[in-house]
Amino acid sequence: MQKLIEQTALALARSKSNVVLSGAGMSAESGIPTFRGNKGLWKEFNAQELATPQALRKNFSLVWQWYNERKKQIAEKSPNAGHLALSRLQEIIPLAIITQNIDNLHSRAGSSNVLEIHGNIFKARCMACGHVMDFSQTDNSTFLCPACTRGKLRPHVVLFGERLDERQLQKTFALLQSAQVFLVIGTSSMVYPAASFAEIAAEAGALIVEINPQPTAQADIVLRGKSGEILPQILQSLQDFKSLKN
Ligand code: BJW
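Residues numbered from 1 in each chain as written. Predicted model: local features only at pLDDT ≥ 70, side-chain atom pairs only at ≥ 80, totals over all residues. Heavy atoms only, no water.

K.L.:
Sorry if this is basic, but what is going on with the overall build of the protein chain here?
P.N.:
Each helix and strand counted, the protein chain has ten helices and nine strands in total. Its C-alpha atoms give the protein chain a radius of gyration of 19 Å, near enough to 18 Å, the size a compact globule of 246 residues would have. Over its C-alpha atoms, taken along the principal directions, the protein chain stretches across nearly 60 × 35 × 30 Å. Counting across all 246 residues of the protein chain, residues that qualify as buried make up 49%. Of the contacts made within the protein chain by residues no fewer than 6 positions apart, 65% connect residues no fewer than 24 positions apart. Total accessible area on the protein chain is roughly 12,400 Å²; 49% of this is exposed by carbon and sulfur atoms. Taking the 26 positively charged and 20 negatively charged side chains of the protein chain as two groups, their mean positions are separated by 3 Å. (Helix = DSSP H or I, 4+ residues; strand = E, 2+ residues; numbered from the N terminus. Rg over C-alpha atoms; globule rule 2.2 N^0.38 Å. Buried < 20%, exposed > 50% of the residue type's maximum accessible area, 1.4 Å probe, protein only. Contact = heavy atoms within 4.5 Å. Areas by Shrake-Rupley, 256 points an atom, 1.4 Å probe, with all protein chains shown as cover. Lys, Arg positive; Asp, Glu negative; His and termini not counted. Charge placed at Lys NZ, Arg CZ, Asp CG, Glu CD.)

Shown next, in the form of structure tokens:
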């Protein structure tokens, strides 16, 4: 494993464009449940009833209740050693982060350049005019948009069957084309379009590194383990290279 970590650190140090794709496993060590697997959210909750536009139309308040509960739980959690290592890496090497997570933990760890392609649970969006705003309320009332004053607010998240934001997708595809190293961290790679990003980056010439305790995507370097343990080791190794060079 140490050799693979050093190989990854060296590749990151040499590359002009490093890109991370993170998924729910990135936040597992912060105590936020993943979606799939034995203890995943989809074992306990029905995605069709809670995370689709049909559910939002049929049972608006139930969907809000579910997101409010999760918002309260997430607000009590903190970034873990993996989030902090990525944020520290951004100070040393060029590194962009594409995240499927809506938990805001990359930003709270101090990371910049984060594309939240599935939205952000601490934001709401107007169903009439599309205005997006910070939204910390967790009571289950229906709120109207302060911008247009007529549309209902919904959670600013991407539900199954909904399109991802076009501008975010354009930025994402530009990153996939330019990436020299692409780190796939803590995602089962089952949900599209994110599940196709590693393949697109590989076709464009990126070295693919996967960090996950379970086998998932095809990768050139597979670091089998928890991101909160492996990312700090990559950071350490990269700092060692840099100090040797100086
Ligand atoms: C660790 C770890 C540790 C654990 N360290 N790792 C067939 C039928 C129906 C639909 C489709 C279909 N084929 C394709 C689709 C489309 C659909 C889709 O992909 N479905 C698949 C399930 C098949 N996709 C969509 O609908 C997307 N939109 C779209 O495609 O639009 C196109 C369109 C075109 C034209 C008109 C309209 C639309 C939207 C997808 C939105 C996903 N939304 C959710 C909910 C978001 C809000 C919320 O959080 O509530 O996003 S679902 C859920 O899955 C969430 C996640 O972001 C996403 C991905 O999950 P992730 O992150 O991979 O988590 P897990 O749990 O799956 O995996 C965790 C991993 O971590 C595991 O591998 C562990 O081993 C690992 N791990 N501990 C490192 N410590």
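K.L.:
Is there a simple way to explain the side chain of S15 in this structure?
P.N.:
Mapped onto the elements, S15 comes out in the loop between α1 (2–14) and β1 (18–22). Classification of S15 by relative accessible area gives buried; the value is 7%. Reaching out from S15, the side chain makes a polar contact with the backbone nitrogen of S17 at a distance of 3.0 Å. Contact partners of S15, with chain neighbours within four places excluded, come to P94, Q180 and V181. (Polar contact = N/O pair within 3.5 Å; in protein donor to acceptor, adjacent residues only side chain to side chain.)

K.L.:
Which parts of the structure should I look at to understand the site of the ligand?
P.N.:
Close contacts around the ligand come from 35 residues, with R36, G161, T187, S188 and Y192 the closest. Within the backbone of G186, a nitrogen or oxygen atom sits 3.2 Å from an oxygen atom of the ligand. Backbone polar atom of S227 to a nitrogen atom of the ligand: 3.0 Å apart, as the coordinates give it. If the ligand stood free it would expose 1,500 Å²; the protein chains cover 74% of that surface. With three residues, helix α5 (residues 60–75) is the single largest residue contributor to the shell around the ligand. Taken together, the residues that form the shell around the ligand break down as 16 nonpolar, 13 polar and six charged. (Near = heavy atom within 4 Å. Nonpolar A, V, L, I, M, F, W, Y, C, P; charged D, E, K, R; others polar.)

K.L.:
So what exactly am I meant to see when it comes to the pairing of strand β2 (residues 95–99) here?
P.N.:
Walk down a regular strand and you will see the side chains alternate between the two sheet faces. For β2, the tally of buried residues reaches five of five residues, placing the bulk of the element in the interior. Note that β2 and strand β3 (residues 114–116) share three bridges and pair parallel. Across the sheet, T99 pairs through a bridge with E116, a residue of β3. (Pairing = 2+ DSSP bridges.)

K.L.:
Could you clarify how one ought to interpret the sheet that holds β1 in this entry?
P.N.:
The pairing of strands in a sheet comes from backbone hydrogen bonds and takes either a parallel or an antiparallel form. Pairing is parallel in the open sheet, where six strands are placed in the order β3-β2-β1-β7-β8-β9. Looking at the sheet topology across the chains shown, the edges are occupied by β3 and β9 (221–223). In this sheet, adjacent strand axes meet at a mean angle of 15° when their direction is disregarded. As defined by bridge partners, strand β8 (residues 207–211) adjoins β9 across three bridges and the pair is classed as parallel. Within the sheet, the bridge partner assigned to E210 lies in β9 and is V222. Against the sheet, helix α6 (residues 81–90) engages β1, β2 and β7 (181–185), with an angle of about 145° to β2. Helix α8 (residues 166–178) rests against β1, β2, β3 and β7 of the sheet, and its axis sits at about 130° to β3. (Axes fitted to C-alpha atoms, helices over the stretch in contact; angles between N-to-C directions.)

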